[in-house]
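Each chain, letter by letter, is given below.
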Amino acid sequence: VAGGKPGRSTGQLGQPMTVQSDSQGVIFVADSDNCRVQRYHWQEQAKVIERSQMEVKPLQEAGELVFGRCVEFNDRSGFGFVKDDSGNRYFAHHSDILAPGLQNGYPALEKGDKVQFYSRRDAKWKLRGTDIEKL
């Protein structure tokens, strides 16, 4: 359900600021000025939970040495993603890339680069590669 003030268009939520639920389990998410409100029925919530559980793959122990490839990396923003041989996707930040010979700029990866790295759990990205080395 979307509402709004006169002169404002309905559509995508801005930064969600208020979350409430009713007695039937429906969740309402509103933006900061309550101009837009999204409504999520429990059936929709159950589908999202089911989908997210299906996508979970077994994880390595934290700190395990992992081999894989770079699947994307943006030199400008300084981050990207690497995948291990099992298909798990890890966040890769330029500060986690080992580049001993680099004198200027930040270390980077290119799509397809073979890499080895240590896996760890991260509060934001869930899986993060550290001490990433090109092979």
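The shown structure was predicted, so the numbers you read here are calculated from the model rather than taken from an experiment. (Residues numbered from 1 in each chain as written. Predicted model: local features only at pLDDT ≥ 70, side-chain atom pairs only at ≥ 80, totals over all residues. Heavy atoms only, no water.)

**Structural notes on the packing of aromatic side chains**
Taken as a whole, this structure holds 3 aromatic pairs when the rule is applied. Consider the rings of phenylalanine 79 and phenylalanine 91, whose centres lie 5.7 Å apart with planes at 35 degrees: the pair is tilted. Remark: phenylalanine 91 occurs in strand 6 (residues 89-93) and phenylalanine 79 occurs in strand 5 (residues 79-84); sequence separation between them is 12 residues. Given the relative accessible area of 32%, phenylalanine 79 is considered partly exposed. Residue phenylalanine 91 is classed as buried on the basis of its relative accessible area, which comes to 5%. Measuring from centroid to centroid gives 5.9 Å for phenylalanine 81 and phenylalanine 91, while their planes differ by 70 degrees, and the two rings are edge-to-face. Linking phenylalanine 81 in strand 5 with phenylalanine 91 in strand 6, this pair joins segments that are 10 residues apart in sequence. The same class applies to phenylalanine 81 as to phenylalanine 91, namely buried. The side chain of arginine 89 reaches across the aromatic face of phenylalanine 81, ending 4.2 Å from its centre. (Phe/Tyr/Trp six-rings, centres within 6.5 Å; stacked < 30°, edge-to-face > 60°. Helix = DSSP H or I, 4+ residues; strand = E, 2+ residues; numbered from the N terminus. Buried < 20%, exposed > 50% of the residue type's maximum accessible area, 1.4 Å probe, protein only. Lys NZ or Arg CZ within 6 Å of the ring centre and 35° of its normal.)

**A few points about the environment of alanine 92**
Assignment of secondary structure puts alanine 92 in strand 6. Classification of alanine 92 by relative accessible area gives buried; the value is 0%. Sequence separation of alanine 92 and phenylalanine 81 is 11 residues, and the distance between their C-alpha atoms is 5.1 Å. Not counting residues up to four positions away in its chain, the partners in contact with alanine 92 are Phe73, Gly78, Phe79, Gly80, Phe81, Val82 and Ile132. (Contact = heavy atoms within 4.5 Å.)

**Observations concerning unusual backbone geometry**
Glycine aside, the phi torsion of most residues is negative, and most peptide linkages are trans. A positive phi angle is found at aspartate 131, which is not glycine, with a value near 50 degrees. Counting through the fold element by element, aspartate 131 comes out in strand 8 (residues 126-134). For aspartate 131, a relative accessible area of 38% gives the class partly exposed.

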